[in-house]
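Okay, here's what each chain looks like letter by letter:
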Amino acid sequence: MSAYIINGGNYLSGEIRIGGAKNSVLPIMAASLLNLSETVLLDCPRISDVDISVEILKRLGCKVFRDETTAVIDSSDINNFEIPLELMNKMRSSFIFLGAMLAVGGKAVCGYPGGCELGARPIDMHLKAFKKLGVRIKEQGGYISCDSSHFKACKVALDFPSVGATENIMLLACKQKGTTTIINAAREPEISDLQNFLNSMGAKISGAGSNKIKIEGVASLKSVKKRIMPDRIVAATMMFAACISGGNITLKNVTCSHIESVILLLQGCGADIYTHGDSLDIICSKRLRFSDTLCTMPYPGFPTDAQAQAVAAFSTMEGTSIVKETIFENRFNHASELKKMGADITVDDRIAVIKGVKRLSGAHVYAPDLRGGAALVIAALGAEGTTVVDNIHYIDRGYEQLDKMLSALGGDIKRNDYYE
Ligand code: EPZ
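This write-up is about the structure you can find in this document. (Residues numbered from 1 in each chain as written. Predicted model: local features only at pLDDT ≥ 70, side-chain atom pairs only at ≥ 80, totals over all residues. Heavy atoms only, no water.)

Looking now at the overall build of the chain. For the chain, the count of helices and strands is 14 helices and 24 strands. Its C-alpha atoms give the chain a radius of gyration of 21 Å, within 12% of the compact-globule value 22 Å for 420 residues. Its C-alpha atoms put the chain at 60 × 45 × 40 Å along the principal axes. Looking at the chain as a whole, 57% of its 420 residues are labelled buried. Partitioning the intrachain contacts of the chain with sequence separation of at least 6 by distance along the chain shows that 72% fall at a separation of at least 24. Counting every atom, the chain has about 15,900 Å² of accessible surface; 50% of that belongs to carbon and sulfur. With 46 positive and 45 negative side-chain charges, the chain shows a spacing of 6 Å between the two charge centroids. (Helix = DSSP H or I, 4+ residues; strand = E, 2+ residues; numbered from the N terminus. Rg over C-alpha atoms; globule rule 2.2 N^0.38 Å. Buried < 20%, exposed > 50% of the residue type's maximum accessible area, 1.4 Å probe, protein only. Contact = heavy atoms within 4.5 Å. Areas by Shrake-Rupley, 256 points an atom, 1.4 Å probe, with all protein chains shown as cover. Lys, Arg positive; Asp, Glu negative; His and termini not counted. Charge placed at Lys NZ, Arg CZ, Asp CG, Glu CD.)

Here it is in C-alpha cells:
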C-alpha cells in the first residue's frame, strides 16, 4: 500500500510541464491494434492505467517497448482476441478494446467491465450501437462474445454523448466497408485526438469535436508516430492546487482551449489567469470566493473529472457553493474524507452544498477513487498541519508522480510505500 504525507501551508510557485492525457492514450493504445504494424506514442504517461493497457496488448499478441516518455507498440503478430475477466476488472475502460479487436479479428470476447467507485458504469449504449451495426452479441457468465462478420454501416444515435461508446464505434467502424455516422457523439477533446490518430494511420473520419461523426471505412491502416495531447484534467488539478495554497504557478504544455470552463470558473472566483500559446499562469494572491452553482456537463461544459478537485478548493473559499454532478450517480465519495479535515459539506444524491471554512486541518484520509484522491491532496496542501492521504494507488492510475510535480512547486509532500 502507499500513502502521501503532506504538510500543508506552503505557497506553490514555479513552473511544471503537463504530460500526455490518460483519457486520450487509452483509446489510442486500443487503436494501435488496427494497423497490424508499428505505432510510436510520444508523451505516453507513466501511469498504472497505461501499464494495464500494455498488459492487455501483450495478451493479444502485441510487442510493446517503453522508455521514459515513449511507447512503441507492434501489432503485426496479434493472435488473440479475448480479454480475461481479471484484466477487465483491473481497469473497466479496457472495454474500449472491444471495437478494435472486432475491427481486426472479426470476433472478440471480453469480460464484463462491471461498475466502479463512481457508479454502475453500464455499457448498454456500446452494445446497443454495436447491435445496430450488425454485430452479433452473446452475454453469458460475465463474458461478452461478439461477431462482426455481418457488420452493416449505418447511422447510430447515442442516448447520451458517451465518450467510451463514441470511441468504441469509431474503432469498430474505421476498417469496415461503408459509411457509419454517430449522432449525439461525445465532443471531448480526447475524441478529436483519437480521430487525428486514426486519420494519420489512413482512416477517413470527420466531425470529431461536434456531435456528429462520420466514419468512412478503409481496407487497411499504416504505421504511425503520434504525440498524445496534454492532459487537461491534470492541468485543472494543478490549477485548483494553486488556488487552495495561494500559489503563483506556470503550466507548460497545456491546450488552454480544452480547459476554458475551468479558467472561467477560477477567474470568477478571483484568480488571475493568463494564457499564452501552450502556457498558462495562475496567480491566487488573495482568498478566493465562490457563492454560486457549478454543474458538471459533457464537454465543453465543466468536466466531471475536475469536480472533486473543485469541491476541495471551494471548501476553503469564501461563500457557499452548490455542486451538481450530472454525469455519474456516485461521484461525491471525497466529501466524507474532506469532512474529516473540517470541511463543511452536505451531500444529497447528486448535489453537494459546500460552506467555505477559513482553513482545513490535517487528518488521516483515504482516497476513494482517482479524482477524489487528487482532491484530498489538494485539500492537504492548504490544510493546517500534516495529512496522510492513503490508498494512493487510485491516484497512480491517472497522475504520473503527483508528489514530484507538487514538490517541484514547493509543496511539502512525500510518498510512503508501506506494506501491511
Ligand atoms: C470517460 O469514461 C472517461 N474515462 C472518464 O474519466 C470521464 O469521467 C467520462 O468519460 C465522462 O467524461 C476514459 O476516457 C478512460 P461515458 P466513460 O461513457 O467513457 C453512462 C477519469 O477520472 N453510460 O461518457 O466510461 C455512464 O455510466 C475517468 O479519468 C451508460 O449509462 O464515460 C456515465 O454515467 C472517470 N451507458 C455517463 O454515461 C453506457 O453504455 C458518462 O459515461 C455508457 C455510459
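Structure's up, so let's keep going.
Right, let's get into the side chain of K226. Inspection of the secondary structure assignment puts K226 in strand 14 (residues 224–227). Separated by 2.5 Å, the side chains of K226 and D193 make a polar contact. When near neighbours in sequence (up to four residues on either side) are disregarded, K226 contacts I28, V40, L41, L42, D193, N196 and F197. (Polar contact = N/O pair within 3.5 Å; in protein donor to acceptor, adjacent residues only side chain to side chain.)

The next point concerns the sheet that holds strand 11 (residues 179–183). Pairing is mixed in the open sheet, where four strands are placed in the order 10-11-13-12. Two strands bound the open sheet, and with one partner strand each, they are strand 10 (155–157) and strand 12 (204–206). Going from strand to strand, the sheet's axes swing by 15 degrees on average, the running direction of each strand aside. Where strand 11 and strand 13 (residues 212–216) come together, five bridges link them in antiparallel fashion. Note on strand 13: the bridge partner recorded for T180 is I215. (Pairing = 2+ DSSP bridges. Axes fitted to C-alpha atoms, helices over the stretch in contact; angles between N-to-C directions.)

This brings us to the pairing of strand 13. Residues I213 and I215 of strand 13 are buried on one face, while the alternating residues K212, K214 and E216, pointing to the opposite face, are not. In the sheet, strand 12 pairs with strand 13 via three bridges, with the strands oriented antiparallel. Of the residues in strand 13, the one forming a bridge with S206 is K214. Linkage of strand 12 to strand 13, two consecutive antiparallel strands, is achieved through a turn of five residues, within which G207 is found at a positive phi near 100 degrees.

Attention now goes to the site of the ligand. Taken together, 21 residues lie near the ligand, and D124, M125, S162, D305 and I327 sit nearest. Taking M125, its main chain carries an N or O atom lying 2.7 Å from an oxygen atom of the ligand. For the ligand, an oxygen atom lies 2.6 Å from a polar atom in the side chain of D305. Notes on the ligand: free accessible area 820 Å², of which the protein chains cover 88%. Residue assignment for the shell around the ligand shows that the elements contributing at least two residues are helix 1 (22–31), helix 5 (124–132), helix 6 (163–173) and helix 12 (370–382). In terms of residue count, helix 5 provides more of the shell around the ligand than any other element does, three residues in total. Tallied by class, the residues present in the shell around the ligand amount to nine nonpolar, six polar and six charged. Summarising the domain contributions, the shell around the ligand has at least three residues from each of domain 1 (2–18 + 230–417) and domain 2 (22–227). (Near = heavy atom within 4 Å. Nonpolar A, V, L, I, M, F, W, Y, C, P; charged D, E, K, R; others polar. Domains from an automatic or database assignment.)

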